[in-house]
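Now for the letters of each chain:
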Amino acid sequence: MRRPRSFQQPYALIAIQGPAALGVVQPLCSTELAGVKYYWFTHGEVAGARAMISRTGYTGEDGFEIFVPPNMADRVWQALLESGRAADVIPCGLGARDTLRLEAAMRLYGNDIDETTTPLEADLGWIVGWKKESFIATSGCASRRSTGSRELVGFEMIDRGIARHGYPVLRDGKAVGVVTSGTQTPYLKKAIGMAYVPMDLTAAGSELTIDVRGRASRAAVVPLPFYKRAPQET
């Protein structure tokens, strides 16, 4: 089976994230980037390579994702490192991205949301077009809107330990919820996570008991996001 035509063109993707992203990318780009809104994109050249530049990313910070032909990736990579030298730009991988997106409470499909969850349970009701007469999962979302039994919350560990994906949230020794994401964050210097819990445990300050490798460990519900950057100035 042949791939659809739209998938035949290969791209290399380089993401540059952080408060200094605009200042690092703009000197290399032929297109004005300051006016590109969050989750929008434009076309131009970066370090002489034709590119699509999107103002996206999943770190909770400003940033750009640069799509270029694979044979130009090294050239663009080296140019970004050089342009970002004064801003201390360094290479990092998806592990770093994952800790940063969790600090910003950005949901990850397969961890925090999947086909068994609804936008309401994930506290993502703001993305649902409630004014539409019908959309995918209309009935499911409508029923959960009035009779929801669980919700995604953020938590900080009180006891020492890190609650990871899949760890049970306990009540009277029985599992009543589950951790979806958890880590020790590099910026906040805390062990944090998100978990689906019963509605009576969703208020800020509620104490949770999490089974961390067989040890009952205390955590406290806190407001989301854990970290919020300053509004984008354009």
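I will try to describe carefully the structure that is included in this document.

A look at helix α3 (residues 94-103)
Considered for burial, the residues of α3 that qualify are T99, R101, L102 and E103. Those residues of α3 that are buried lie in contact with β7 (174-184) and β8 (191-198). Looking at the residues trailing α3, positive phi occurs at A105, about 55 degrees.

A look at the layout of surface pockets
Computed from the structure, the largest pocket encloses a volume of approximately 1000 Å³. Lining of the largest pocket is provided by 32 residues; of these, I16, Q17, G18, I90 and C92 occupy positions nearest its centre. When contributions to the lining of the largest pocket are tallied by element, the ones reaching two or more residues are β1 (12-17), α1 (21-25), α2 (73-83) and α3. A class-by-class count of the residues in the lining of the largest pocket yields 22 nonpolar, five polar and five charged. In this structure, the second largest pocket spans a volume of roughly 590 Å³. In terms of lining, the second largest pocket is formed by 22 residues, of which the most central are A104, A105, M106, W126 and P225. Its residues assigned to classes, the lining of the second largest pocket shows 15 nonpolar, two polar and five charged.

Some remarks on the pairing of strand β10 (residues 215-222)
Two elements, strand β5 (residues 150-157) and β10, share four bridges in a ladder whose sense is antiparallel. Along β10, the bridge assignment pairs M157 with A219. Bridging between strand β9 (residues 207-212) and β10 involves six bridges; their strand directions are antiparallel. Looking at the pairing, E207 lines up with A220 of β10.

Rules behind the numbers
- Residues numbered from 1 in each chain as written.
- Predicted model: local features only at pLDDT ≥ 70, side-chain atom pairs only at ≥ 80, totals over all residues.
- Heavy atoms only, no water.
- Buried < 20%, exposed > 50% of the residue type's maximum accessible area, 1.4 Å probe, protein only.
- Helix = DSSP H or I, 4+ residues; strand = E, 2+ residues; numbered from the N terminus.
- Contact = heavy atoms within 4.5 Å.
- 1 Å grid on protein atoms, 1.4 Å probe; cavity = no way out; pocket = protein on both sides within 12 Å on 5 of 7 lines; lining within 4 Å.
- Points joined across faces, edges and corners; volume = space filled by probe spheres on them.
- Nonpolar A, V, L, I, M, F, W, Y, C, P; charged D, E, K, R; others polar.
- Pairing = 2+ DSSP bridges.

As far as function goes, none of this settles anything; it's purely spatial.
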